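# Architecture and fold: a report
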Amino acid sequence: MNTTVDQADFFRTLEEKSDHGKLRGDYSGCDERYVVQQDWQAYTPEQHALWRRLYQRQAKLVPGRACQVFLDSLAKMDAGDGIPRFDRTSEALRRATGWELVAVPGLVPDQVFFEHLANRRFPVTVWLREPHEFDYIVEPDVFHDFFGHVPLLFNPVFADYMQQYGKGGLKASRLDGLPNLSRLYWYTVEFGLMHTPEGLRAYGAGILSSGGEVEYCLSDPRPRRVAFEVERVMRTLYKIDSFQETYFVIRDFQQLFDETAADFAPLYARLREQEVLPANTLLPGETNIPPNSKSGS
Ligand SMILES: C[C@H](O)[C@H](O)[C@H]1CNc2nc(N)[nH]c(=O)c2N1
Ligand SMILES: N[C@@H](Cc1ccccc1)C(=O)O
Ligand SMILES: [Fe+2]
């Protein structure tokens, strides 16, 4: 196992990606896996109060809009009173699915991220946004990571999918498949929708931690909603600074797991010969799944 990463290279890559040119977190105290102590005592009363406001807004929005698995786990996590202690949630997670949380300063290099997932450790950012960033942040913070991602790790099938993704990431790096695999992560783990008997529901963390997109993704007529298909997803560019122009819709987590189980090596080879698709593509013959008629239906 090699988690040694050229740190300068990591920051250079992120500088190219971000307008700001530097990461928000404090990386000075982390180990070679980018893990830090959460230092829960250091959060201020104001930060806990901001967490409660974020949590209350979001907890009102998700019923009838998030998939049931997310809602059930969220209720059990009992995380509404303030910034949670990661070690307590880790204990419950270990019992449920064998996952645990590790605290990180913020975004970590891809290889490090994949190593954590492949070993059933989910990296959660320790810092919380400022009050003026209530609606929008550029990098993931503890609210996005914890509220958005952690509930589904209590589901055995989704938990296995995340681990397979981590293993697949390590492999994709060797096969030049990272851009393709990143799109799969984006359109499932971050912005995935599910078609349930009750209507469309969200399961992606980027949606479920957002005040605006949780309703938009289900009910707005503007974005495309397309049945999940691995190769189609891996060809599709995505937006990082606006609501998504396309959402991919699964039936359930078993479908997600099963349809990503095959060896991706031939897929990456084939994708190299194909054009990438703009984020707002609807291919000939593709059905644009209609939005829910009203919120929460
Ligand atoms: C594609 C890849 O999975 C993605 O860019 C990674 C990189 N590093 C990360 N690091 C953290 N802490 N959280 C993340 O979601 C990610 N995402
Ligand atoms: N099947 C993929 C691994 C993977 C599974 C699930 C999600 C993402 C990637 C591969 O061979 O690379
Ligand atoms: Fe995320």
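None of these values were measured; they are calculated from a predicted model.

## Quick notes on the coordination of the iron ion (ligand 3)
- Listed as protein donors to the iron ion (ligand 3) are His144 (NE2), His149 (NE2) and Glu190 (OE); their distances from the metal cover 2.0 to 2.1 Å.
- In terms of primary sequence, the donors binding the iron ion (ligand 3) are separated according to H-x4-H-x40-E.
- By relative accessible area, which is 5% here, His149 ends up buried.

## Quick notes on helix α8 (residues 178–190)
- Within α8, eleven of the 13 residues are buried, which leaves it mostly tucked inside the rest of the structure.
- Considered for burial, the residues of α8 that qualify are Leu178, Asn180, Leu181, Arg183, Leu184, Tyr185, Trp186, Tyr187, Thr188, Val189 and Glu190.

## Considerations on the packing of aromatic side chains
- Summed over all chains, the structure comprises 21 aromatic pairs.
- Aromatic side chains Tyr216 and Phe243 sit 4.8 Å apart centroid to centroid with 45° between the ring planes, which places their arrangement in the tilted category. Taken together, the residues span a long stretch of sequence, with Tyr216 in helix α10 (residues 213–219) and Phe243 in the loop between α11 (230–234) and β6 (246–250) at a distance of 27 residues.
- Accessibility expressed as a relative area gives 15% for Tyr216, which makes it buried.
- Members of the aromatic cluster, connected to one another through ring pairs, are Trp51, Tyr55, Phe70, Phe86, Phe143, Phe146 and Phe147.
- The residue whose ring lies beneath Arg85 is Trp40, and the NZ or CZ to ring-centre distance is 3.8 Å.

## Topic: the site of ligand 2
- Near ligand 2, the surroundings consist of Tyr161, Gln164, Tyr165, Gly168, Lys171, Leu181, Leu184, Thr260, Ala261, Ala262, Asp263 and Phe264.
- Here a nitrogen atom of ligand 2 and a backbone polar atom of Thr260 are 2.7 Å apart.
- Note that a nitrogen atom of ligand 2 is positioned 3.5 Å from one of the backbone N or O atoms of Ala261.
- If ligand 2 stood free it would expose 330 Å²; the protein chains cover 94% of that surface.
- Sorting the residues of the shell around ligand 2 by element identifies α7 (156–174) and α8 as the ones contributing at least two each.
- Among the elements that line the shell around ligand 2, the one with the most residues is α7, at five residues.

## Observations concerning the site of ligand 1
- Every residue lining ligand 1 is accounted for by Val104, Gly106, Leu107, Val108, Asp110, Phe113, Phe114, Tyr165, Ser182 and Tyr185.
- Protein coverage of the free-state accessible area of ligand 1, which is 390 Å², stands at 87%.
- Contributing elements (two or more residues each) for the shell around ligand 1: α5 (110–118) and α8.
- Looking at the shell around ligand 1, the element that brings in the most residues is α5, giving three residues.

## As for the pairing of β6
- Taking burial as the measure, the five residues of β6 include five buried ones, the bulk of the element.
- Covered by surrounding structure in β6 are Thr246, Phe248 and Ile250 together with Tyr247 and Val249, the residues of both alternating faces.
- Where strand β3 (residues 193–196) and β6 come together, two bridges link them in parallel fashion. Paired with Leu193 across the strands is Val249, a residue of β6.

## Some remarks on the sheet that holds strand β4 (residues 199–202)
- The four strands lie next to each other as β4-β3-β6-β5, forming an open sheet whose pairing is mixed. The two strands at the open ends of the sheet, each matched to only one other strand, are β4 and β5 (224–227). If you compare each strand with its neighbour and ignore which way they point, the axes differ by 35° on average.
- In the sheet, β3 pairs with β4 via four bridges, with the strands oriented antiparallel.

## Quick look at the side chain of Arg183
- Structurally, Arg183 is set in helix α8.
- Here the side chain of Arg183 touches Met234 through a polar contact of 2.7 Å, landing on its backbone oxygen.

## Description of unusual backbone geometry
- One non-glycine residue with positive phi stands out, namely Tyr34, at about 65°.
- Mapped onto the secondary structure, Tyr34 falls in the loop between α1 (7–17) and α2 (45–61).
- The phi angle at Asp39 is positive, at roughly 50°, despite the residue not being glycine.
- With respect to the helices and strands, Asp39 occurs in the loop between α1 and α2.

## Side note on the state of the cysteines
- Counted under the stated rule, the structure contains zero disulfides.
- Residue Cys67 stays outside any disulfide, its sulfur separated by 11 Å from that of Cys217, the closest cysteine.
- Looking at Cys67, the relative accessible area reads 3%, which means it is buried.

## Some details on the environment of Ser242
- Along the chain, Ser242 falls in the loop between α11 and β6.
- Placed 168 residues apart in sequence, Ser242 and Leu74 show a C-alpha to C-alpha distance of 26 Å.

About the thresholds
- Residues numbered from 1 in each chain as written.
- Chains lettered and ligands numbered in written order.
- Predicted model: local features only at pLDDT ≥ 70, side-chain atom pairs only at ≥ 80, totals over all residues.
- Heavy atoms only, no water.
- Donors = N, O, S within 2.8 Å, 3.2 Å for Na, K, Ca; no water.
- Buried < 20%, exposed > 50% of the residue type's maximum accessible area, 1.4 Å probe, protein only.
- Helix = DSSP H or I, 4+ residues; strand = E, 2+ residues; numbered from the N terminus.
- Phe/Tyr/Trp six-rings, centres within 6.5 Å; stacked < 30°, edge-to-face > 60°.
- Lys NZ or Arg CZ within 6 Å of the ring centre and 35° of its normal.
- Near = heavy atom within 4 Å.
- Polar contact = N/O pair within 3.5 Å; in protein donor to acceptor, adjacent residues only side chain to side chain.
- Areas by Shrake-Rupley, 256 points an atom, 1.4 Å probe, with all protein chains shown as cover.
- Pairing = 2+ DSSP bridges.
- Axes fitted to C-alpha atoms, helices over the stretch in contact; angles between N-to-C directions.
- Disulfide = S-S within 2.5 Å.

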